[in-house]
Amino acid sequence: MDTLVHQISPPNFPKNQNPQHHHNHHHPSSPLDQQQHPQDQAGIGSVSSLLLAMNTNINNKPNNNNDKRYVPLLVVNYLCLFVGSVSSSLLSKYYFNHKGSSRWVSTWVQCAGFPLLLIPIFVPYHLLKFTERKPFTRFTPKITIISIFIGFLLGINNLLFSWGNSYLPVSTSSLLLSSQLAFNLILSVIIVKQRITFSNLNCVILLTLSSVLIALGSNNDKPQGLTRSKYFIGFFSTIGAGLLFALYLPLMEKLFRRVYCFEMVMEMQLVMEIAATVLATIGMALDGGFSEIRNESKKVFDKGEKVYWVTVFSNVVTWQLCFMGTAGMVFLTSSITGGICMTALMGMNVLGGVLVYGDEFGGVKAVSTVLCVWGFCSYVYGMYIKMRDDKRNNSSGATTATTTMEMVNNNDGGV
Ligand SMILES: Nc1nc2[nH]cnc2c(=O)[nH]1
């Protein structure tokens, strides 16, 4: 434990610790060894260890200030994910409803908002003085290269996702994407040794059933000019996007084990989104995407050019909130919890469509919403129960790191 804490203690978490001291003890690759740590055999995930470390200052003394930052960060992150997911879904729908149809716009808006990440990177240090760590401290070339690689994966995912959505009826693409969470669980088991528990399996099954129902109840209209070959392109693009996204989350979890503070997660996110934007921009330039956008804004979009650009730029912001929230959730909890939180918002997106666009709310959508709420609430309840039990068990033992430790032990929702 002592070594582990020294390896991954976040110098910016406790304000009262000495970052210099920390530097001397850091071994960038060592967090990856956490899987062999005895804590894991005891069923405590390595993200747990990370958060345990967050809760313990450099002298390995309890530091109650640390968990004070964990919960607000988790809440703010989830709010970003919530607002980002619901509003990006509504704005994308607005774009398509008013004759927007460019695949390149849909791809580009998902990543081009990367400059917004400069806010969580620079504001805590320069304006709020929350942290003594200068942005990009110990951002090694290896971390940069891995982030660029994951960013390219994300860029390809965005492209496949937009390709699939543009070729297939909404019902078919949603149906195919409903497999994403199950893939996420399987790949988390393989890549980060996530334990399958009753709680996370139950939640994945319920949320998958819920998204299958959403898909069955959604629009079956074929996009114009859908030929057999386009159908197959759309089909395999969507399956590929689902698989890539399911791979992206545990890969990020693995990468984040090299990370000792939230700001660093945002820095990696910035590098990833820049890489994804470079990819999207090159593709766009080669495929005539820029003239397509100009044409669409002037002649095709039926609300006029001004509204077009407002829609596109608002969508850029909301997608960034969504991906930033997802990355933050993966760091603060685990990839499967991040995936669950993201998928559970699909129910919210359906309700958003009903409230904002007056979509009908039939029996299928009602059952789907119930399954979604049930799955998500039982997962959160599972985390709560385990947290309570652990608190009881621990109360006679260690005096350090109580609150965070319990949350941490439960980040996989195991019951
Ligand atoms: N594959 C995939 N890509 C996305 N991009 C934004 N949301 C998603 C999603 O749910 N799946």
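See the structure above.
All values reported here derive from a predicted model rather than from experimental measurement.

Asker: Lay out the pattern of salt bridges with the relevant residues and their values.
Answerer: Scanning all chains against the criterion turns up 7 salt bridges. Across the salt bridge formed by Lys93 and Asp359, the nearest N and O atoms sit 2.7 Å from each other. With Lys93 in helix H5 (residues 64-97) and Asp359 in the loop between helix H16 (335-357) and helix H17 (363-395), the pair connects residues that are 266 residues apart, well separated along the chain. Lys93 sits in the partly exposed class, given a relative accessible area of 29%. Taking the shortest distance from any N to any O, the salt bridge between Asp302 and Lys99 comes out at 4.0 Å.

Asker: Residues and numbers for the side chain of Glu296, please.
Answerer: Mapped onto the elements of the fold, Glu296 is located in helix H14 (residues 289-300). Here Glu296 occupies a buried position and makes no salt bridge, while the nearest side chain of opposite charge, Arg103, is found at 9.8 Å. Contacts of Glu296, omitting those with residues within four sequence positions, involve Tyr95, Lys99, Gly100, Ser101, Ser102, Val105, Phe301 and Tyr308.

Asker: Pulling in residues and values, what's your account of the site of the ligand?
Answerer: All residues adjacent to the ligand are Gln110, Asn157, Phe161, Gln180, Ala241, Gly242, Phe245, Trp319 and Phe323. Residue Asn157 places a side-chain N or O atom 2.7 Å away from a nitrogen atom belonging to the ligand. Within the backbone of Ala241, one N or O atom sits 3.0 Å away from a nitrogen atom of the ligand. Coverage of the ligand by the protein amounts to 89% of the 270 Å² it exposes when considered alone. Looking at the shell around the ligand, the elements with two or more residues in it are helix H8 (141-167), helix H12 (228-256) and helix H15 (305-332). In terms of residue count, H12 provides more of the shell around the ligand than any other element does, 3 residues in total.

Asker: I'd like a description of a nonpolar patch on the surface, backed by residues and values.
Answerer: A surface patch of nonpolar side chains, amounting to about 350 Å² of accessible area, comprises Ile196, Leu201, Ile205 and Leu209. For Leu201, the position within the fold is in helix H11 (residues 198-216).

Asker: Go over H11 with me, naming the residues and quoting the values.
Answerer: Along an α-helix, residues three or four apart share an orientation, since each turn contains 3.6 residues. In this model H11 runs 27 Å from its N-terminal to its C-terminal C-alpha over 19 residues, within 8% of the 27 Å that 1.5 Å per residue would give. Buried within H11 are the following residues: Ser199, Asn200, Cys203, Val204, Leu206, Leu207, Thr208, Ser210, Ser211, Ile214 and Ala215. Among the structural elements, helix H9 (170-177), helix H10 (180-192), H16 and H17 are those in contact with the buried residues of H11.

Asker: Give me the packing of H12 against H16: which residues, what numbers.
Answerer: Axis separation between H12 and H16 bottoms out at 8 Å; the angle between their running directions is 135 degrees. The angle between the axes of H12 and H16 places the two elements in the oblique class. H16 is crossed by H12, and the crossing has right-handed handedness. Along the contact surface, H12 presents Phe245, Leu249, Pro250 and Glu253, while H16 presents Ser335, Gly339 and Met342.

Asker: A description of the packing of H8 against H12 should follow, citing residues and the corresponding values.
Answerer: Look at H8 against H12: their axes get within 7 Å of each other, and the N-to-C directions meet at 150 degrees. Comparing their axes, H12 and H8 come out roughly antiparallel. At the point where H8 passes H12, the crossing takes the left-handed sense.

Asker: Go over unusual backbone geometry with me, naming the residues and quoting the values.
Answerer: Positive phi, close to 80 degrees, is recorded for Lys99, a residue that is not glycine. Note that Lys99 resides in the loop between H5 and helix H6 (103-109). Look at Phe136: it is not a glycine, yet its phi comes out positive at around 70 degrees. Position of Phe136 relative to the elements: it lies in the loop between helix H7 (118-127) and H8. Its relative accessible area of 31% is what places Phe136 among the partly exposed residues.

Procedures and definitions
Residues numbered from 1 in each chain as written. Predicted model: local features only at pLDDT ≥ 70, side-chain atom pairs only at ≥ 80, totals over all residues. Heavy atoms only, no water. Salt bridge = Lys/Arg side-chain N within 4 Å of Asp/Glu carboxyl O. Helix = DSSP H or I, 4+ residues; strand = E, 2+ residues; numbered from the N terminus. Buried < 20%, exposed > 50% of the residue type's maximum accessible area, 1.4 Å probe, protein only. Lys, Arg positive; Asp, Glu negative; His and termini not counted. Contact = heavy atoms within 4.5 Å. Near = heavy atom within 4 Å. Polar contact = N/O pair within 3.5 Å; in protein donor to acceptor, adjacent residues only side chain to side chain. Areas by Shrake-Rupley, 256 points an atom, 1.4 Å probe, with all protein chains shown as cover. Patch = residues over 30% accessible without salt bridge, like charges linked within 9 Å, V, L, I, M, F, W, Y side chains within 5 Å. Expected span 1.5 Å × (residues − 1). Axes fitted to C-alpha atoms, helices over the stretch in contact; angles between N-to-C directions. Parallel < 35°, antiparallel > 145°, perpendicular 65-115°, else oblique. Left-handed = near helix turned anticlockwise from the far one by under 90°.

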